[in-house]
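# Close look at the chain arrangement
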Amino acid sequence: MTVSKYLCFLAASVLAAWPVWAEERADGVAPEGQTAIGAAAQPELAAAQAAKDAGRPVAAEEWMVAAAHPEAVAAGAKILRAGGTAADAMVAVQAVLGLVEPQSSGLGGGAFLVWYDAKNGAVTTLDGRETAPLAATPRLLQDEAGEPLGFFEAVVGGLSVGVPGTPKLMEEAQARWGRQDWAGLFDDAIRLAEEGFAVSPRMAESVARDAERLAVHPETAAYFLPGGAPIKAGTRLRNPAYAESLRALAQEGSAPFYTGRLAKGIVAAVKGAAKPGALGLVDLALYEVKERAPVCAPYRGFDVCGMGPPSSGALAVGQALGILSPYDMTGLGPNNPQTWRLIGDATRLAFADRGRYVADSDYVPVPVEGMLDQRYLTDRAELLRPQRALEAVEPGTPEFDHALNWADDEDRAAPSTSHISIVDAYGNVLSMTTTIENGFGSRVMANGYLLNNELTDFSFRSHRDGVPVANRVEPGKRPRSSMAPTIVLWKGTPVLAVGSPGGSRIIPYVLSTIIAYIDWQMDVQAAVSRPHMVNRFGVFDLEEGRVSQGMAEALAGMGFETRVRGLNSGLHAISLEGGLRGGADPRREGLAYGE
Ligand code: GLY
């Protein structure tokens with residue numbers, strides 16, 4: 001199915017799902033005093049799509065939501081229009097995303113949330129990261145000889161499943177900052193799950209690509225491969241089991257997920273999976289969302305705030321910005337190979353520190369302040385003075401009052417994940433990145449949703465030459481993440497919410513979007529649409545079909561190994577300067593929409 005046919009199909013199914021729209025569209029006028037959703041929202045979602053296709057940002061005055069699927073955006077818009085907060089809208093958006101974009105995030109996964117509170121100007125970060133079972137050991141991802149398992153050998157099955165955090169995070173955020181009736185936030189997702197939604201081209205492609213792994217567990221195969229064949233774009237897909245889980249969440253809160261019948265369903269699925277996991281009822285019962293200190297880094301007078309450990313996102317973005325601070329990125333501009341040398345090598349330096357020092361700070365002391373100390377970063381920036389690629393990149397030695405004797409980790413995070421940015425009419429801002437890790441997570445389904453494979457975000461190696469790796473598996477620990485939900489502030493006022501999926505490439509995607517917005521003064525749509533050039537560990541990944549031959553040759557001439565490939569970000573950004581402007585990544589199906 002082509003994208004335009006799919007959009008027509010989607011429009012028809014949205015109309016079917018919301019009879020009030022159909023009613024109002026009959027005469028084209030919303031009844032007096034009623035919100036304009038019926039008459040207005042469908043054409044405006046189309047307008048949002050048209051703006052994205054034309055490379056223009058979507059503009060609004062009151063509120064805005066940007067997420068990875070039009071159905072999810074529509075559900076969030078409905079809540080915001082009715083006076084809900086960004087926290088209320090996030091619940092509706094996440095509930096729909098778990099259905100229509102099941103490969104990326106959902107109730108079986110985890111998320112990090114950054115919140116700007118308009119009432120008091122505070123930035124709060126909530127950690128809803130998945131957690132290793134108490135029975136997990138540093139050998140979890142190794143074979144009997146202590147060698148790392150193959151990636152997919154570890155991913156597919158129950159072994160990789162961590163305790164999901166998303167249901168509790170939704171509940172915690174809405175309890176803190178919501179205004180709407182909790183139960184009502186699930187109406188659209190429940191209706192879509194019961195009546196069916198149109199499978200999108202992206203979901204269908206993902207299923208087709210992964211068919212072999214999706215076939216391993218019968219419940220997963222029955223849903224994604226009905227009759228043994230990958231589900232096609234445009235098929236109306238129903239998920240009664242997911243509707244049932246949402247009803248439980250709506251009526252009873254997250255308790256059934258952590259101590260009730262849904263918890264039993266999760267444990268049974270993990271234990272009955274191809275490679276059974278250690279997750280037990282006690283692990284679910286012990287799960288808690290953690291409020292963490294936000295990690296904020298200064299950049300050109302702005303404060304770039306995000307999620308600290310167990311995420312490496314804000315630390316790595318903040319380090320790279322600090323390393324780039326002495327360089328005139330505005331003067332160099334976005335089309336200069338030297339710009340990308342600097343960004344690429346600053347990112348490599350940040351990744352070297354990340355690989356050695358960053359893990360769950362409840363288990364491993366992480367030198368957060370030392371890593372962001374501008375004197376340290378200025379020293380690191382001096383390494384970039386020569387006009388050529390760095391030959392060798394080693395971690396630095398940030399100041400810390402604790403021994404820092406860790407072995408280097410290796411990176412394995414693969415791209416799935418989803419990002420939600422929301423601004424509400426009260427001025428609150430939400431930036432949340434949500435994941436089940438790999439596309440389709442562990443491929444194990446329970447209660448109508450996929451369970452994560454987040455434990456493979458731990459280091460597969462527990463030690464090197466007798467020295468422990470900071471991000472090794474330990475019981476009850478949270479695996480290191482690259483997710484970088486970000487809110488940028490100017491003198492305490494939020495100016496930008498941004499984040500992306502993309503595994504560890506999330507960090508360079510978010511970093512370069514912030515530079516495009518601040519240094520090159522691009523609007524948010526232009527900033528998220530730019531061609532990607534990404535360097536984490538030495539090889540410069542250049543976005544296929546988007547980066548010029550001249551740029552590739554110039555980078556190679558500086559000594560970089562280059563590789564042309566698809567770079568599948570899913571950036572969703574909202575700027576708050578002079579009204580609201582939204583940008584949605586053209587590489588995915590999402591939209592920004594506001595009023
Ligand atoms: N699983 C993606 C991340 O947390 O970085």
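Computed from a predicted model, the values in this text were never measured in an experiment. (Residues numbered from 1 in each chain as written. Predicted model: local features only at pLDDT ≥ 70, side-chain atom pairs only at ≥ 80, totals over all residues. Heavy atoms only, no water.)

## Examining the nonpolar core
If you look at soluble globular proteins, the nonpolar side chains tend to sit buried side by side. In terms of nonpolar packing, the biggest core is built from 108 residues, with Leu 113, Phe 186, Phe 224 and Ile 422 touching the most fellow members. If one sorts the elements of this core by residue count, helix 5 (residues 86–100) sits on top with 12 residues. Sequence-distant contacts of Phe 186, that is, excluding residues within four places in its chain, are made with Val 91, Ala 95, Met 170, Leu 246, Leu 249 and Ala 250. Ala 381, Leu 496, Leu 542 and Phe 560 belong to the second-largest nonpolar core, a separate cluster that totals 60 residues. (Core = buried A, V, L, I, M, F, W, Y, C linked by side-chain atoms within 4.5 Å. Buried < 20%, exposed > 50% of the residue type's maximum accessible area, 1.4 Å probe, protein only. Helix = DSSP H or I, 4+ residues; strand = E, 2+ residues; numbered from the N terminus. Contact = heavy atoms within 4.5 Å.)

## Some details on the sheet that holds strand 3 (residues 110–116)
One open sheet holds the seven strands; their spatial order is 7-4-3-11-10-2-23, and the pairing between them is antiparallel. Unpaired on one side and paired on the other, strand 7 (290–292) and strand 23 (591–594) mark the two borders of the sheet. Recorded for the sheet is a direction-independent mean angle of 15° between the axes of neighbouring strands. With six bridges joining them, strand 3 and strand 4 (residues 123–128) adopt antiparallel strand pairing. (Pairing = 2+ DSSP bridges. Axes fitted to C-alpha atoms, helices over the stretch in contact; angles between N-to-C directions.)

## What to know about the site of the ligand
What surrounds the ligand is the set Arg 129, Thr 435, Glu 437, Glu 454, Asp 457, Ser 481, Ser 482 and Met 483. Contacts to the ligand include Arg 129, whose side-chain N or O atom sits 2.9 Å from an oxygen atom. Here Glu 437 contributes a side-chain N or O atom positioned 2.9 Å from a nitrogen atom of the ligand. Relative to its free-state accessible area of 200 Å², the ligand is covered by the protein chains to the extent of 100%. (Near = heavy atom within 4 Å. Polar contact = N/O pair within 3.5 Å; in protein donor to acceptor, adjacent residues only side chain to side chain. Areas by Shrake-Rupley, 256 points an atom, 1.4 Å probe, with all protein chains shown as cover.)

## Considerations on the packing of aromatic side chains
Within this structure, the stated rule accounts for 13 aromatic pairs. Consider the rings of Tyr 223 and Phe 224, whose centres lie 4.8 Å apart with planes at 80°: the pair is edge-to-face. Comparing Tyr 223 with Phe 224 shows no difference in burial state: the two are buried. Three or more aromatic residues joined by ring pairs form one cluster here, namely Phe 151, Phe 152 and Phe 460. Positioned above the aromatic ring of Tyr 258 is the side chain of Lys 168, whose terminal nitrogen or guanidinium carbon lies 4.9 Å from the ring centre. (Phe/Tyr/Trp six-rings, centres within 6.5 Å; stacked < 30°, edge-to-face > 60°. Lys NZ or Arg CZ within 6 Å of the ring centre and 35° of its normal.)

## Regarding the side chain of Gln 174
By the element assignment, Gln 174 lies in helix 7 (residues 166–177). Within the structure, the side chain of Gln 174 is placed 2.9 Å from the backbone oxygen of Gln 180, a separation counted as a polar contact. Not counting residues within four places of it along the chain, the set of residues in contact with Gln 174 comprises Ala 87, Asp 88, Val 91, Arg 179, Gln 180, Trp 182 and Leu 185.

## So, helix 7
Taking 1.5 Å of rise per residue, the 12 residues of helix 7 would be expected to cover 16 Å, and the 16 Å separating its terminal C-alpha atoms lies within 8% of that figure. Listing the buried residues of helix 7 in full gives Thr 166, Pro 167, Leu 169, Met 170, Ala 173, Gln 174 and Trp 177. Taken down its axis, helix 7 places every buried residue within 165° of arc, on the same side. In the core, the buried residues of helix 7 are packed alongside helix 5, strand 3, strand 4, helix 12 (240–252), helix 13 (255–258) and strand 11 (429–435). (Expected span 1.5 Å × (residues − 1). Arc of directions from axis to C-beta.)

## Some remarks on helix 21 (residues 506–518)
Residues lying three or four places apart along an α-helix face the same way, a consequence of the helix completing one turn every 3.6 residues. With 13 residues, helix 21 extends 18 Å from end C-alpha to end C-alpha; this agrees with the ideal 18 Å at 1.5 Å per step. Within helix 21, 13 of the 13 residues are buried, which leaves the element mostly enclosed by the surrounding structure.

## Here's the deal with the pairing of strand 3
Across the seven residues of strand 3, seven count as buried, placing the element largely inside the fold. Along strand 3, one buried face is formed by Gly 110, Phe 112, Val 114 and Tyr 116 and the opposite face, lined by Ala 111, Leu 113 and Trp 115, is buried too. Pairing of strand 3 with strand 11 involves seven bridges; the strand directions are antiparallel. Of the residues in strand 11, the one forming a bridge with Ala 111 is Thr 434. Here strand 3 folds back onto strand 4, and the loop between the two strands holds six residues, one of which, Gly 121, carries a positive phi near 75°.

## Details of unusual backbone geometry
A cis amide bond links Pro 309 with the next residue in sequence, Pro 310, at an omega value of 15°. Positionally, Pro 310 belongs in the loop between strand 9 (302–306) and helix 16 (313–324). A positive phi angle is found at Asn 447, which is not glycine, with a value near 55°. Positionally, Asn 447 belongs in the loop between strand 12 (445–446) and strand 13 (449–450). Residue Asn 447 is classed as buried on the basis of its relative accessible area of 16%.

## Observations regarding the state of the cysteines
Under the criterion given, the structure shown has one disulfide. At a sulfur-sulfur separation of 2.1 Å, the disulfide partner of Cys 296 is Cys 305. On the sign convention where negative means left-handed, the S-S torsion of about 115° between Cys 296 and Cys 305 marks this disulfide as right-handed. Taking the relative accessible area as the measure of exposure, Cys 296 reaches 35% and is therefore partly exposed. Under the relative-accessibility criterion, Cys 305 is labelled buried at 3%. (Disulfide = S-S within 2.5 Å.)

## Regarding a nonpolar patch on the surface
On the surface, Leu 134, Val 282 and Leu 286 cluster together into a nonpolar patch covering about 290 Å² of accessible area. Here Val 282 lies in helix 15 (residues 281–286). According to the relative accessible area criterion, Val 282 is partly exposed, its value standing at 49%. (Patch = residues over 30% accessible without salt bridge, like charges linked within 9 Å, V, L, I, M, F, W, Y side chains within 5 Å. Salt bridge = Lys/Arg side-chain N within 4 Å of Asp/Glu carboxyl O.)

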